[in-house]
Amino acid sequence: MPLITVTYSSARKGPSLNAEIASAVSELTARILRKDPTVTAVIVKSVEAADWFASGKSLAEQSLASFWLDVHVSEGTNTKDEKAAYLAALFQRMDELLGPLHEESYAHVDEVKGDAYGFGGLTQERRYIAGQLEVAPRKAAA
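Presented here is an overview of the structure given in this document.

About the thresholds
- Residues numbered from 1 in each chain as written.
- Predicted model: local features only at pLDDT ≥ 70, side-chain atom pairs only at ≥ 80, totals over all residues.
- Heavy atoms only, no water.
- Pairing = 2+ DSSP bridges.
- Helix = DSSP H or I, 4+ residues; strand = E, 2+ residues; numbered from the N terminus.
- Axes fitted to C-alpha atoms, helices over the stretch in contact; angles between N-to-C directions.
- Contact = heavy atoms within 4.5 Å.
- Core = buried A, V, L, I, M, F, W, Y, C linked by side-chain atoms within 4.5 Å.
- Buried < 20%, exposed > 50% of the residue type's maximum accessible area, 1.4 Å probe, protein only.
- Right-handed = clockwise from strand over helix to strand, strands pointing away.
- Patch = residues over 30% accessible without salt bridge, like charges linked within 9 Å, V, L, I, M, F, W, Y side chains within 5 Å.
- Areas by Shrake-Rupley, 256 points an atom, 1.4 Å probe, with all protein chains shown as cover.
- Salt bridge = Lys/Arg side-chain N within 4 Å of Asp/Glu carboxyl O.
- Phe/Tyr/Trp six-rings, centres within 6.5 Å; stacked < 30°, edge-to-face > 60°.
- Lys NZ or Arg CZ within 6 Å of the ring centre and 35° of its normal.

A word on the sheet that holds strand 2 (residues 41-46)
Phase 1 of the analysis: In space, the four strands of this open sheet follow the order 2-1-5-6, with mixed pairing throughout. Strand pairing shows two members of the sheet lacking a second neighbour, strand 2 and strand 6 (106-112), which therefore form its edges. Averaged over all adjacent pairs, the angle separating strand axes in this sheet is 10 degrees, with direction ignored.
Phase 2 of the analysis: Inspection of the sheet shows strand 1 (residues 3-9) paired to strand 5 (residues 66-74) by seven bridges, in the antiparallel sense. Opposite T5, over in strand 5, you have D70 as the bridge partner.
Phase 3 of the analysis: Sheet strands in contact with helix 3 (residues 80-98) are strand 1, strand 5 and strand 6, and its direction is about 145 degrees off that of strand 5.

Observations concerning the nonpolar core
Phase 1 of the analysis: Residues I21, V25, L69, Y86, M94 and L98 are the most contacted members of the largest nonpolar core, which totals 25 residues.
Phase 2 of the analysis: Of all the secondary-structure elements, those providing two or more residues to this core are strand 1, helix 1 (17-33), strand 5 and helix 3.
Phase 3 of the analysis: Here this core takes eight residues from helix 1, the largest share from any one element.
Phase 4 of the analysis: With residues near it in sequence (within four places) discarded, L69 still touches I4, T5, V6, V25, Y86, L90, Y106, A107 and H108.

A closer look at the pairing of strand 6
Phase 1 of the analysis: Bridge count for strand 5 against strand 6 is seven bridges, and the pairing is parallel. Its bridge partner lying in strand 6, H72 is registered against D110.
Phase 2 of the analysis: Taking the sense of rotation as the criterion, the β-α-β connection linking strand 5, helix 3 and strand 6 turns out right-handed.

Observations regarding a nonpolar patch on the surface
Phase 1 of the analysis: On the surface, a cluster of nonpolar side chains totalling about 340 Å² of accessible area is made up of Y128, I129 and L133.
Phase 2 of the analysis: As for its placement among the helices and strands, I129 is situated in helix 4 (residues 124-133).
Phase 3 of the analysis: You can call I129 partly exposed: its relative accessible area is 40%.

As for the pairing of strand 2
Phase 1 of the analysis: In this sheet, strand 2 lies alongside strand 1 in parallel orientation, the contact comprising six bridges. Among the inter-strand pairings, T5 is bridged to a residue of strand 2, identified as I43.

Details of the packing of aromatic side chains
Phase 1 of the analysis: Per the stated rule, a full pass over the model turns up two aromatic pairs.
Phase 2 of the analysis: Judged by centre distance (6.2 Å) and plane angle (55 degrees), the rings of F67 and F91 are tilted. Of this pair, F67 sits in strand 5 while F91 sits in helix 3, placing them 24 residues apart in sequence.
Phase 3 of the analysis: By relative accessible area, F91 is classed as partly exposed at 29%.
Phase 4 of the analysis: A cation over an aromatic ring shows up here: R127 above the ring of F119, its NZ or CZ 3.9 Å from the ring centre.

In structure tokens, the structure reads:
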């Protein structure tokens, strides 16, 4: 965990761009938000610049790129300063990858309650409790 969705529009194209975006986002998420990259999932989607509108004009008309990033993390696992640093670093890195960004480019750190979020069939809260009790997570769920 976490699950990250990146939707972007850019004049820059290439077979490796989606992989570069996924790698950059995963690295920043691990380094700044301290999330384990081995359980991080990233979905990357491209949108044509003519189909993305910001400030009333398409990105194609403005010759700009943009992105929307949504990352789901467990509530209370990151400080305000970590989230602010993450958003600043994302904007800078996406500008490098996609080209000049429209100011209306967004990232959202969505904090989800631990009892309502998880992976592999277990909530984050159950994983935490199992860890505290030093019990295998699958046995704690039974």
